[in-house]
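# Coordinate analysis (summary)
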Amino acid sequence: MGKGDRKTRRGKTYRGSYGNSRVHGAQPAVVGAKETVTKPAAAKKVAPKKKSA
């Protein structure tokens, strides 16, 4: 499990090759994956106005 092993990340780095252990570049988006949904910020409750006498 070292520089000579083609299946490990260290071996890929040593040989200068890319593969599952050492991916090159960004992964493409998966088709059919759901988009992440962010919840809207919770609205703060406003205190009722005080009646003036």
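Description of the structure in this document.

Let's shift gears to the overall build of the chain. For the chain, the helix and strand inventory stands at one helix and zero strands. A compact globule built from 53 residues would reach a C-alpha radius of gyration of about 10 Å, whereas the chain, at 27 Å, exceeds it by more than 25%. Its C-alpha atoms put the chain at 85 × 25 × 15 Å along the principal axes. Counting only residues that meet the buried cut, the chain has 8% of its 53 residues in that class.

Turning to the side chain of Arg 22, a few remarks are in order. Turning to its location among the elements, Arg 22 is positioned in the segment after helix H1 (9-15). Although Arg 22 is buried, it forms no salt bridge, and the closest oppositely charged side chain is Asp 5 at an N-O distance of 14 Å. Polar side-chain contacts of Arg 22 include one of 3.2 Å to the backbone oxygen of Ser 17. Excluding residues that lie within four positions of it along the chain, Arg 22 makes contacts with Arg 9, Lys 12, Thr 13, Gly 16 and Ser 17.

All right, on to the environment of Tyr 18 then. The residue Tyr 18 is located in the segment after H1 in this model. Among all residues touching Tyr 18, those that are not within four sequence positions of it are Lys 12, Val 23 and His 24.

Here is what the cut-offs are and how they apply
Residues numbered from 1 in each chain as written. Predicted model: local features only at pLDDT ≥ 70, side-chain atom pairs only at ≥ 80, totals over all residues. Heavy atoms only, no water. Helix = DSSP H or I, 4+ residues; strand = E, 2+ residues; numbered from the N terminus. Rg over C-alpha atoms; globule rule 2.2 N^0.38 Å. Buried < 20%, exposed > 50% of the residue type's maximum accessible area, 1.4 Å probe, protein only. Lys, Arg positive; Asp, Glu negative; His and termini not counted. Salt bridge = Lys/Arg side-chain N within 4 Å of Asp/Glu carboxyl O. Polar contact = N/O pair within 3.5 Å; in protein donor to acceptor, adjacent residues only side chain to side chain. Contact = heavy atoms within 4.5 Å.

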